[in-house]
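For reference, the chains in residue letters:
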Amino acid sequence: MKTKIIGMFTSLALLSSTAPTLADTYAGVPRTFLFNPSLDVCFKDTSQYKKDGPYVIGFSNAGLGDSWRVVMLHSMEKAAFEHKDQIKQLLITDAGHDDAKQVSDIQDLISRGADLLVVSANTEQAVDPAVSRAMERGIPVVMVDRRVSSDNFVTFVTASDAMMGRLFAQWIVEKLHGKGNIVILGGQAGSSPNELRVKAAMQVLNQYPDIKILDTVYSDWSPVKGKQVMQAVISKYGKDINAVLSTHGLQTPGSIEAFLEAGFKPGEIPPHTTSDVNGPLQMALKYKVPMLEVGYPPAMGGTAIDVALKVLAGAQVPCTYEINAQIATTDGDETPSIRPDLHIKDMVLPNSPADMLVTGGMGPDYNPTTFKIDYPQ
């Protein structure tokens, strides 16, 4: 069983500045909490997990199949180093997006003496029993980014998938004035971020009978596959497509490329939604694509470490720990319901790589290819 072990009594080879960026314009309490109309918000009493440190924390990662997940992992490593007085080791496993491997990884982390597990589940159903067994053994589990289907964990660190899905859908509805044809360009089928965003989007879309869903296709969060599946959709529906609801920015560039190669000129490409990734923002400005960006920041990896320490200190935590989500649109593409924090022209990094995560929280000098933590072998 291959496990990456980071001893926290180490030196950091590259730890860049955490100075605010334009993507951090909204810095208040998450709006999903402030605007929640219910007084019955779930909190967890974690006093049963209180123990003295320093701690061994295990992280079971679904995989590193895209740039978002790389930055999320680096955010977690950075936060663990910053808490080296409290964290003795961070044990990291990578399931390679294989459910069976992740189930085995979780058992391995338990056998290595992890005081707490942070888990980003590959799929909701398959990993659920392994997480439930850890909780039954008294080992607290903090989910991050991807949850399991049951509620057998302490807390789920995320940005609001429900908010993202509803905002994406409402923006498209209002851009189309309540009538038109859309394509849903999903990520990984069965992963909780994709399923939750689509479910929330449908709560909006189902209210508008003149909005028709032409097709739902999956990209596995890949721009390459996103392009392939959208090429097939465009060849079938062509200019009958009025908008593309992309459940994240990782696949959005592939969709825009497919429209360009199909002969759509700048200004003719239908509205797209996106998240986090620099490339779609660059393309929106270059090819005059109406766009809504709702952030799903990979900085939640670092937040998961902060929350894990609260659990081990016995502090009360919310059942769902949501972090801020940034909202941006291209100029003139605000709608009555969707008012941006800033415009995409102010958020884009024009001279940075297309796969740069503008909501990573790692600072302007961060380079994912050189970021590392040196530690004794």
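Worth saying up front: this structure is predicted, and the values here are computed from it rather than measured. (Residues numbered from 1 in each chain as written. Predicted model: local features only at pLDDT ≥ 70, side-chain atom pairs only at ≥ 80, totals over all residues. Heavy atoms only, no water.)

Within the protein chain, the secondary structure is distributed over eleven helices and 18 strands. Relative to a compact globule of 377 residues, whose C-alpha radius of gyration would be 21 Å, the protein chain shows 21 Å and is just as compact. Projecting the C-alpha coordinates of the protein chain onto the three principal axes gives extents of approximately 60 × 40 × 40 Å. Across the 377 residues in the protein chain, those meeting the buried criterion constitute 56%. Within the protein chain, contacts between residues at least 6 apart in sequence are counted, and of these 76% link residues at least 24 apart. For the protein chain, the accessible surface area stands at approximately 15,600 Å², while carbon and sulfur atoms represent 51% of it. (Helix = DSSP H or I, 4+ residues; strand = E, 2+ residues; numbered from the N terminus. Rg over C-alpha atoms; globule rule 2.2 N^0.38 Å. Buried < 20%, exposed > 50% of the residue type's maximum accessible area, 1.4 Å probe, protein only. Contact = heavy atoms within 4.5 Å. Areas by Shrake-Rupley, 256 points an atom, 1.4 Å probe, with all protein chains shown as cover.)

One water molecule sets the probe size; rolling that probe over the atoms shows where empty space is left. The computed volume of the second largest pocket comes to approximately 480 Å³. Lining the second largest pocket are 19 residues, and of these Arg 147, Ala 162, Leu 196, Thr 320 and Glu 322 sit closest to its centre. Contributions of two or more residues to the lining of the second largest pocket are made by β8 (155-158), α5 (161-175), α6 (192-205) and β15 (320-322). Of the residues forming the lining of the second largest pocket, the biggest block, four residues, is contributed by α6. When grouped by side-chain class, the residues that make up the lining of the second largest pocket number eight nonpolar, four polar and seven charged. (1 Å grid on protein atoms, 1.4 Å probe; cavity = no way out; pocket = protein on both sides within 12 Å on 5 of 7 lines; lining within 4 Å. Points joined across faces, edges and corners; volume = space filled by probe spheres on them. Nonpolar A, V, L, I, M, F, W, Y, C, P; charged D, E, K, R; others polar.)

Applying the stated rule across the entire model yields one disulfide. The partner cysteine of Cys 42 in its disulfide is Cys 319, sulfur to sulfur 1.7 Å. The sign of the S-S torsion, about -45°, decides the handedness of the disulfide formed by Cys 42 and Cys 319: left-handed. Taken together, the positions of Cys 42 in the loop between α1 (31-34) and β3 (43-44) and Cys 319 in the loop between β14 (317-318) and β15 put the pair 277 residues apart, joining distant regions of the chain. (Disulfide = S-S within 2.5 Å.)

Looking now at the packing of helix α8 (residues 252-261) against helix α9 (residues 278-287). In the contact formed by α8 and α9, the axes pass within 9 Å of each other and the chain directions differ by 30°. In terms of orientation, α8 and α9 fall into the roughly parallel class. Like other packed secondary-structure pairs, α8 and α9 cross with a definite hand, here left-handed. Counting all contacts with α8, which are made through Thr 252, Pro 253, Ile 256, Glu 257 and Leu 260, the residues of α9 involved are Pro 280, Met 283 and Tyr 287. When the residues that make up the contact of α8 with α9 are grouped by side-chain class, the tally is six nonpolar, one polar and one charged. (Axes fitted to C-alpha atoms, helices over the stretch in contact; angles between N-to-C directions. Parallel < 35°, antiparallel > 145°, perpendicular 65-115°, else oblique. Left-handed = near helix turned anticlockwise from the far one by under 90°.)

Side chains Thr 155 and Val 157 project from β8 onto one buried face, and the interleaved Phe 156 and Thr 158 project onto a second face that is buried too. Bridge count between strand β7 (residues 141-144) and β8: three bridges; the pairing is parallel. If you follow Val 142 over to β8, its bridge partner there is Thr 155. Relative to β15, β8 runs parallel, the two sharing three bridges. The residue bridging Thr 158 from the neighbouring strand is Glu 322, located in β15. (Pairing = 2+ DSSP bridges.)

This part covers the environment of Asp 108. Turning to its location among the elements, Asp 108 is positioned in helix α3 (residues 99-111). According to the relative accessible area criterion, Asp 108 is buried, its value standing at 12%. Along the backbone, Asp 108 and Phe 168 are 60 residues apart, and their C-alpha atoms lie at a distance of 39 Å.

Here the focus is the pairing of strand β9 (residues 180-186). For β9, a buried count of six out of seven residues is recorded, marking the element as mostly surrounded by other parts of the structure. Remark: the β9/α6/strand β10 (residues 211-218) crossover connection has right-handed handedness. Relative to strand β11 (residues 243-246), β9 is paired through four bridges, and the arrangement is parallel. Bridging from a neighbouring strand, Val 183 pairs with Val 244 of β11. (Right-handed = clockwise from strand over helix to strand, strands pointing away.)

Following Gly 53, the chain continues to Pro 54 via a peptide bond in cis, the omega torsion being 0°. Mapping Pro 54 onto the fold places it in the loop between β3 and β4 (55-61). One non-glycine residue, His 97, adopts positive backbone phi at about 60°. Mapping His 97 onto the fold places it in the loop between β5 (87-94) and α3. Classification of His 97 by relative accessible area gives partly exposed; the value is 29%. A positive phi angle is found at His 177, which is not glycine, with a value near 55°. Positionally, His 177 belongs in the loop between α5 and β9.

Attention shifts here to the pattern of salt bridges. With the rule as written, the count across this model stands at 13 salt bridges. As a salt-bridge pair, Lys 51 and Asp 115 come within 2.7 Å of each other at their nearest N and O atoms. Separated by 64 residues along the polypeptide, Lys 51 in the loop between β3 and β4 and Asp 115 in the loop between α3 and β6 (116-119) bring together distant segments of the chain. For Lys 51, a relative accessible area of 36% translates into the label partly exposed. Between Lys 227 and Glu 261 there is a salt bridge; the shortest N-O distance is 2.6 Å. Highlighted residues: Lys 227 in helix α7 (residues 223-237) and Glu 261 in helix α8, separated in sequence by 34 residues. (Salt bridge = Lys/Arg side-chain N within 4 Å of Asp/Glu carboxyl O.)

Taking 1.5 Å of rise per residue, the 13 residues of helix α4 (residues 124-136) would be expected to cover 18 Å, and the 18 Å separating its terminal C-alpha atoms lies within 8% of that figure. Taken together, the buried positions of α4 are occupied by Glu 124, Val 127, Asp 128, Ala 130, Val 131, Ser 132, Ala 134 and Met 135. Packing partners of the buried residues in α4 comprise α3, β6, β7 and α6. Among the residues trailing α4, Gly 138 stands out with phi positive, at a value near 85°. (Expected span 1.5 Å × (residues − 1).)

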